[in-house]
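# Residue-level structural notes
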Amino acid sequence: MLEDEYNALIHYIEGMVSDGVKLVHGGRVFEWVDTKILDQIAKIKELKEGLVSPSLNPGDQLVNRYSGQKMWVINWDENTVYLNPDLPTIKYPKDRLMEEYIVVKKATL
């Protein structure tokens, strides 16, 4: 998933910072603190910490924060939550669709 790639990128950047890697732009050497990169990484980590796994019960209703699609909790196990859509049609933002889905079969028109 794309989120895993972003997490890896943050890991590599933090490794570069801790190794003392310098940034060069136009022949000038910059420190990481001279950029907004470290602030952005801190903001991402803070937002991610706010996404805690809630205590769920069968019948709880969830809403996708991007598409607004409502889902119902049916069951769960240690690593998986089983959801049923509120409606048979799932509404999904077109610009984020391929981050979470892959095309397995194309329709012939």
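Our structure's up above, just so we're on the same page.
Since this is a predicted model, take the numbers as computed values, not measurements.

In terms of regular secondary structure, the chain is built from three helices and five strands. Each helix and strand of the chain, ordered N terminal to C terminal, gives the series α-β-β-α-β-β-β-α. A compact globule built from 109 residues should have a C-alpha radius of gyration of about 13 Å, whereas the chain, at 20 Å, is more than 25% larger. With the principal axes as the frame, the chain shows a C-alpha extent of 55 × 45 × 20 Å. A sequence separation of at least 24 residues applies to 23% of the contacts in the chain between residues at least 6 apart. Within the structure as shown, the chain displays about 9,600 Å² of accessible surface, and the carbon and sulfur contribution to it stands at 56%.

Moving on, we come to the sheet that holds strand β3 (residues 61–63). Either a parallel or an antiparallel arrangement is found when strands of a sheet pair, and the pairing is made through backbone hydrogen bonds. Sheet architecture is open: three strands sit in the order β3-β4-β5, paired in antiparallel fashion. With partners counted over all chains shown, the strands left at the sheet margins are β3 and β5 (81–85), one partner each. Pairs of neighbouring strands in the sheet enclose a mean axial angle of 45°, with direction left out of account. As defined by bridge partners, strand β4 (residues 70–76) adjoins β5 across five bridges and the pair is classed as antiparallel. Residue Trp76 lies in a different strand from β5, and its bridge partner there is Val81.

With respect to the helices and strands, the residue Asn64 is situated in the loop between β3 and β4. Overall, Asn64 belongs to the partly exposed group, its relative accessible area being 26%. Residues Asn64 and Tyr92 lie 28 residues apart in sequence; the distance between their C-alpha atoms is 9.0 Å. If near-sequence neighbours (up to four positions away) are discounted, Asn64 is found in contact with Gln69 and Tyr92.

The rules we used
- Residues numbered from 1 in each chain as written.
- Predicted model: local features only at pLDDT ≥ 70, side-chain atom pairs only at ≥ 80, totals over all residues.
- Heavy atoms only, no water.
- Helix = DSSP H or I, 4+ residues; strand = E, 2+ residues; numbered from the N terminus.
- Rg over C-alpha atoms; globule rule 2.2 N^0.38 Å.
- Contact = heavy atoms within 4.5 Å.
- Areas by Shrake-Rupley, 256 points an atom, 1.4 Å probe, with all protein chains shown as cover.
- Pairing = 2+ DSSP bridges.
- Axes fitted to C-alpha atoms, helices over the stretch in contact; angles between N-to-C directions.
- Buried < 20%, exposed > 50% of the residue type's maximum accessible area, 1.4 Å probe, protein only.

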